[in-house]
Amino acid sequence: MKYFTGIDIGSTAIKITIIDENKELLGHKISASGSMFYKYAHQTLDDLIKELNISKDDIAYTVATGYGRKLFKEADENISEITANAIGAVAAAKEFGEIKTIINIGGQDSKAISLDDMGNVVNFAMNDRCAAGTGKFLDACAMNLEIGVEELADRHFSSKGTPLSINSTCAVFAESEIIGLLGNNHSVEDIVCGVHYSIAKRVIKLVKRVGIKEGIYFDGGPALNAGLVNAIENELGKKIFIPKYPQVTTSYGAAILGVDSYSYQNRE
Amino acid sequence: MNKLDSHTIETAKEKQNRHKAMEAIKVLNTLKEGFKEPPKAMDYFYNLFEDVYCKAKPLHKDKVKVGTMCIQIPSEIIYALGGVPIRLCNGFYTDDEIGSEFLPQKACPLVKASVGHLASKNLIDKPDMIYSPTTCDQKTKAGTLIKSFGYDVVDVDFPRTKESEISREFFRRSIREFSADLSLKMGKRLSKKNLKASISKIGYAQSLYHRLSDFRKNKTVPILGNDMFLVTNAFFFDKIDNWIDACEKLVDELEQRVKDDIHAGGKISPRIVYTGSPPIFPNYKIPLIIEDSDAIIVADETCSSNRMFNDRVAVDEWFVNDMIDSLADKYLKACTCPIFSKNDDRIRRIIELVRSHNADGVIYQAFAGCTVYELEQRSVLEAMEREGISILYIESDYSPSQQGQLSTRVEAFVESLKIKNRNK
Amino acid sequence: MKKIRDFINKADIKRFRFWLQIFFFVIFIYGGYFAINLGTSIPVFSCGFDQEVGGMCYFLPLQHQLARPLDVLFSVASISVLIGFVTFLLWFIVFNKAWCGYACPLGTMQDWLTGLRKRLGIRYSTYTQPQFNRLKKIKYIMLALVILSPMAVGMGLLDREWVTAFCSICPGRMVTPLFVGDTSQWSLDFSSKSAMILTALGLVFTGLFVVGSFVKKRFFCFFCPMSAMHYIFSDAALLRLKKDGDKCTKCGDCYTVCDMQIKDIADDVTSTNILRDDCILCLKCVAACPEDDALHVDILNMKLFTSTKGGFEKRMGMQTYKGERDE
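In this report, we go over the structure that sits alongside the text. The numbering scheme is per chain: residues are counted from 1 as the chain's sequence reads. Think of it this way: whatever chain is written first is A, whatever ligand is written first is 1, and the rest follow in order. Totals for whole chains, interfaces and linings use all residues, but because this is a predicted model, local features are given only for residues with pLDDT of at least 70 and pairs of side-chain atoms are given and counted only at 80 or more. Excluding hydrogens and water, the side-chain values take into account all heavy atoms of the structure.

Labels follow the DSSP assignment, with helices taken as runs of H or I lasting at least four residues and strands as runs of E lasting at least two, numbered in each case from the N terminus. Check the secondary structure of chain C and you find 17 helices and 3 strands. Rg of the C-alpha trace for chain C: 21 Å, near the compact-globule value of 20 Å for 327 residues, within the 12% margin. Oriented by its inertia axes, the alpha-carbon framework of chain C measures out at about 75 × 45 × 45 Å. Exposure categories follow from relative accessible area, calculated using a 1.4 Å probe and restricted to protein chains: below 20% of the type maximum is buried, above 50% is exposed, and the middle band is partly exposed. Looking at chain C residue by residue over its 327 residues, the buried ones come to 53%. Here a residue-residue contact requires only that any non-hydrogen atoms of the pair lie within 4.5 Å. Considering only intrachain contacts with a sequence separation of at least 6, the fraction spanning at least 24 residues in chain C is 69%. Under the counting rule used here, the positive set is Lys and Arg, the negative set is Asp and Glu, and His together with the chain ends is not counted. Throughout, a charge is located at the NZ atom of Lys, the CZ atom of Arg, the CG atom of Asp or the CD atom of Glu. In chain C, 37 side chains carry a positive charge and 28 a negative one; their mean positions are 2 Å apart. Throughout, radius of gyration means the C-alpha value; the globule benchmark is 2.2 Å times the number of residues raised to the power 0.38.

Here's what the structure looks like:
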């Protein structure tokens, strides 16, 4: 049995997915990128291989993606995270139906991708210059409110009033704004809600640049935050599909591409 | 204490020269070694740029140097009067930073770099006079700014529409004024003989470019887009006779390369038409990323390359006034710069280039701060969509950062083109 | 095949045209000396007042034919008018308006005057756009004169001098016979007031013709009723002037060289048939176009002569560079 690896080296986290030659998911692992992501990527890969009880020689093809893809020289191929995300999303949402729009909020960037009927990328827009609208913003807000990131969803749904609007365009300055709101006796729940809507509005502006088509898929770490999902759905006015493991869609897509590349190169 | 004492601080000019030389050599080395073997004839151009930007070798010591901004000043007239036209549009980040002191931070980096270069007064071939056509807002204002540095700057009136008879008459008068002014300064008059000869020479240089372009229509493209940008950039300041000789050799070599089936790109490299803000040496950031991402630029629609050479002048009766008017007409009518009110001609040219060079996609690059290219983005994108041509819009500036972000976008686009080709 | 095509496309149109014009000039003006008679339905100003004409301008017989009472004109008795007209059409259809640019003796004379002006180093003048727009309607008024004046005589509204009213004022009548040594047309006819007015106008127009053609290229063709007549039927012709708008860069080179100042050649990028009413199909525009296949003249949808980069470079002297080299 041959296995195929997709490694997504992001700025915040390393995501690795291993699938078999039938494109069935075997397992995945997520770890922090830290400052020495090359070392950590290898470490994580070795750990995953051990967990899945397979050997390194069983891995036929490796595809790297994400910001650090070019530095992972052991990969057989590297592709942009946009292409990988598209492939992964289409595969992961097979039971759901056709995916035409992908929203990805990562640790330090956010993307919107538009697909055609065959699942190919026709247009994309990225925000990778500003932290507002990314996972970093959520981290910073949680820290300022002295709560854990995993609590954000519950707090969101416990909010009683209308979501507060956070006006700062910069994540760093939003910090001062949040402290000001706390000082004016606004509840943590309302502030959390406001933060989620602020991100949602920003992301939807990005998606409008590529066109909002039915069949919307949302992935990236922050997709685990049900409160944020709720805010985005309300702002869009549509239901969106969240995969079971939203952080690994891109690495899953990279692995699938590996299967295709391998069979194309070894065709008889 | 000792460490500080023994350290000599560079003068501003030394630092500028060193930084510029570093920028230049980095790009030249990438062109020489970062891709497949370039044509031997390119060595002339690599050496030329190294001589000028790293070794500070002046090229036009005994001639009167007439600086021009933009491409609307007829170089035929300058050559006929015995001058040498030097295009002052600049591509160095070092000069961009110097220019930032004089212009708003959000201004066009090309204008900032040109202003910075002239402000530093550190020029190898310093222009004796500068003619600045009133094209875009930033170039227009920059003209007056440069004059305040002590240069002899003359504004040349340029219309913002080109369809009407009024604009034709306007620019004809403008060029007649320019000729008269330059004639006075050079102490020489335009004659039938010298003007006809220079029209012939420039026309021939343009024909050489057309021959080079035609080779790139081929399935196996014998030369990289970046090398072509270098060749056309050299025309800004090189001695025209040397440039013509070098191009003739390049044409011969490319002809042989096509026969030998030598391809400068990869087997499945998508073919790209590059349009937008001009990539001027050494700011080949985006074109290098494109060709590094396994694509190949087969044609371009920029004012540092295609626009200078695309259209040749026709004259009916070879009288001096007729020639001047024909030149004025051609430099206005054929121009596809986005400063005009309508841009149908530019869109048609891009589409025609895509068709004739069999391109897979278009990459439209605008400098952050260039209002006109940013404004035209929408109409160009819509037109491409109507024609079914894939297009990527990308913004950048002169700073050396953001490589990762830009390369992700370019790579994603190239990957989508490859998939499109495979599915065809 | 390619070599022949190349040879044609790189041809020096100016020289070709010069010799072809002389050929047609001799045939039409001096044809009588060689016993050439091509009939009386010729679509150019090959003036019938020249006793040795080799083929007569259609307008002279046409005016005579139209000078009949209306009931006679539209009866079977006027079958000859129809035959004359069909003959004219058949001649015309072959070369379309190239008759104007290559065969018309009056056109050739204007080109000779232009050549003289060039030799003297004098610059040509042009109309401004408003002047152009106002003056271009005159040729239709002239055509109306050609047709309606004789008919008015037939209807009894005008005297017999008005049958050939146009011929009386046409410069061709006075100038063409000069080439066979005939100066009899250079006179004022005092026989009646109308005749005096008409011949006086003839002298004035002839003067205008000479001076005008000297300062402006093909001055008379702008007002020519034959040109108007041609244009009405030009869609049926075999020879066509075509444009491929996609290849056009709107550089305006074609407009620069056009004798008739036709803007559409440069500015219209959607029409394929680019022949306009002023066009004399001299093909200077095709010769001056620097793009491949943007302008071409077709016969029965086959490209006869097309614009090429190589042809342009050869004609404009840009194939190699002449002049001095710097050190």
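Before going further, it helps to examine the nonpolar core. Ranked by internal contacts, the top residues of the largest apolar core, which has 162 residues, are L230(B) and W243(B). In contact with W243(B), other than residues within four places in its own chain, are Y44(B), F45(B), A205(B), V231(B), A234(B), F235(B), D238(B) and F309(B). Grouped together as the second largest cluster of nonpolar side chains are 39 residues, A142(A), A174(A), L236(A) and I240(A) included. Nonpolar cores were defined as sets of buried Ala, Val, Leu, Ile, Met, Phe, Trp, Tyr and Cys residues, with membership established by side-chain atoms within 4.5 Å.

Let's shift gears to the pairing of strand β1 (residues 64-68) of chain B. Residues and elements named next belong to chain B. Of all 5 residues that make up β1, 4 are buried, and the element is covered over most of its length. For β1 and strand β2 (residues 83-87), the ladder comprises 5 bridges, and the chain directions are parallel. When the bridges of β2 are listed, K65 appears paired with V84. Crossover handedness is defined here as right-handed if the route from the first strand over the helix to the second strand goes clockwise, with the strands pointing away from the viewer. With helix α4 (residues 75-80) bridging β1 and the parallel β2, this β-α-β connection has right-handed handedness. Two strands qualify as a pair provided DSSP detects at least 2 bridges between them. The pairing of β1 with strand β3 (residues 129-133) spans 3 bridges and is classified as parallel. In the strand pairing of β3, V66 is matched with M129.

Moving on, we get to the pattern of salt bridges. A pair is scored as a salt bridge if a Lys or Arg side-chain nitrogen falls within 4 Å of a carboxyl oxygen belonging to Asp or Glu. A complete count under the given rule lists 63 salt bridges over all chains for this structure. D214(B) is the partner of K217(B) in a salt bridge, and the nearest nitrogen-oxygen pair spans 3.2 Å. According to the relative accessible area criterion, K217(B) is partly exposed, its value standing at 32%. A residue is classified by how much of its surface remains accessible, and D214(B), at 31% relative accessible area, is partly exposed. Because the salt bridges share partners, they merge into one network encompassing E165(B), R168(B), R172(B), R176(B), D322(B), D325(B), D329(B), R123(C), K263(C) and D267(C).

On to the packing of aromatic side chains, then. Aromatic ring pairs are defined here through the distance separating the ring centres and the angle between the ring planes. Residue and element names in this part refer to chain C. Here is the rule: rings of Phe, Tyr and Trp (six-membered ring for Trp) pair when centre to centre is within 6.5 Å. Planes less than 30 degrees apart are stacked, more than 60 are edge-to-face, and the remainder are tilted. All chains considered together, the criterion is met by 51 aromatic pairs over all chains. Relative to Y102, the ring of F16 has its centre 6.1 Å away and its plane inclined at 55 degrees; by these criteria the two rings are tilted. Of the two residues, F16 is situated in helix α2 (residues 13-30) and Y102 in helix α6 (residues 98-103); the sequence distance between them amounts to 86 residues. Overall, the relative accessible area of 46% leaves F16 in the partly exposed class. On the basis of relative accessible area, Y102 is assigned to the buried category, the value being 6%. Seen from their ring centres, F18 and W19 are 5.3 Å apart, and the 80 degrees between their planes marks the pair as edge-to-face.

What follows concerns the interface of chain C and chain B. In this assembly, 41 residues from chain C lie in contact with 38 residues from chain B. At the junction of chain C with chain B, the criterion picks out 9 salt bridges. Linking K309(C) and D214(B) is a salt bridge whose minimum nitrogen-to-oxygen distance equals 3.8 Å. The dominant element in the side of chain C that touches chain B, judged by the number of residues it contributes, is helix α14 (residues 253-257) of chain C, at 4 residues.

Residue and element names in this part refer to chain A. The mixed open sheet is built from 5 strands, whose spatial order is β3-β2-β1-β4-β5. Only two strands of the sheet have a single neighbouring strand rather than two, namely β3 (25-32) and β5 (77-78). The sheet contact formed by strand β4 (residues 59-65) and β5 spans 2 bridges and is parallel. Within β5, the position partnered with A64 by the bridge is N78. Packing of helix α1 (residues 37-51) onto the sheet brings it into contact with β1 (3-9), β2 (13-20), β3 and β4, and relative to β2 it is tilted by some 35 degrees. Interaxial angle, 0 to 180 degrees, is taken between N-to-C directions of lines fitted to C-alpha atoms, where a helix line uses only the stretch in contact.

Two joining distances apply to patches: 9 Å for like charges and 5 Å for nonpolar side chains (Val, Leu, Ile, Met, Phe, Trp, Tyr), and every residue must have over 30% relative accessible area and no salt bridge. To measure how exposed things are, a 1.4 Å probe is used in the Shrake-Rupley method; for residues, cover is taken only from the protein chains shown. A contiguous patch of positive charge, built from K192(B), K196(B), K14(C) and K118(C), is present on the exposed surface. Here K14(C) lies in helix α2. With relative accessibility at 48%, the residue K14(C) sits in the partly exposed group.

Turning our eyes to something else, we now look at the side chain of H196(A). With respect to the helices, strands and loops of the structure, H196(A) is situated in helix α6 (residues 188-210). Here H196(A) is in contact with L138(A), L152(A), H156(A), N225(A), G227(A), L228(A) and A231(A), once residues within four sequence places are set aside.

All names here are of chain A. On the basis of which strands lie adjacent, the open sheet formed by 4 strands has the order β8-β7-β6-β9 and mixed pairing. A single partner strand is all that each edge strand has here, and the edge strands are β8 (121-127) and β9 (216-219). Going across the sheet, the axis of each strand differs from the next one's by a mean of 15 degrees, ignoring polarity.

Right, let's talk about the side chain of R346(B) for a bit. Residue and element names in this part refer to chain B. Inspection of the secondary structure assignment puts R346 in helix α15 (residues 344-356). A distance of 2.9 Å separates polar atoms of two side chains, one belonging to R346 and the other to T275. When near neighbours in sequence (up to four residues on either side) are disregarded, R346 contacts T275, G276, E301, R307, T336, Y364, Y373, E376 and V380. Counted as a polar contact is a pair of N or O atoms within 3.5 Å, where, for protein atoms, one must be capable of donating a hydrogen and the other of accepting one, and residues adjacent in sequence contribute only when both atoms are in side chains.

Here the focus is empty space enclosed by the protein. Residue and element names in this part refer to chain B. Only protein atoms enter the calculation, which uses a 1 Å grid: trapped sets of points that fit a 1.4 Å probe without letting it out are cavities, open sets showing protein on both sides within 12 Å along at least five of seven lines are pockets, and any residue with an atom within 4 Å of a point is a lining residue. Grid points are joined across faces, edges and corners, and a volume is the space filled by probe spheres set on the points. A complete count under the given rule lists 6 cavities of 30 Å³ or more for this structure. The computed volume of the largest cavity comes to approximately 360 Å³. Lining the largest cavity are 22 residues, and of these I71, I73, S75, M308 and Y331 lie nearest its centre. Where the lining of the largest cavity is concerned, the elements lending two or more residues are α4, β2, α9 (192-215), α13 (306-309) and α14 (320-333). Broken down by element, the residue count for the lining of the largest cavity peaks at 3 residues, all from α13. All amino acids are sorted into three groups, where Ala, Val, Leu, Ile, Met, Phe, Trp, Tyr, Cys and Pro are nonpolar, Asp, Glu, Lys and Arg are charged, and the leftover types, Gly among them, are polar. Residues of the lining of the largest cavity, tallied by class, amount to 13 nonpolar, 5 polar and 4 charged.

Each neighbour pair has its own omega, and for F281(B) with P282(B) the value is 0 degrees, a cis peptide bond. The phi dihedral of N53(A) falls on the positive side, at around 60 degrees, and the residue is not glycine. Residue position: N53(A) is located in the loop between α1 and β4. The exposure class assigned to N53(A) is exposed, which follows from its relative accessible area of 70%. The phi dihedral of L281(C) is positive, around 50 degrees, even though this residue is not glycine. With respect to the secondary-structure elements, L281(C) resides in the loop between α15 (264-267) and α16 (284-288).

Treat this as a map of the structure, not an account of what it does.
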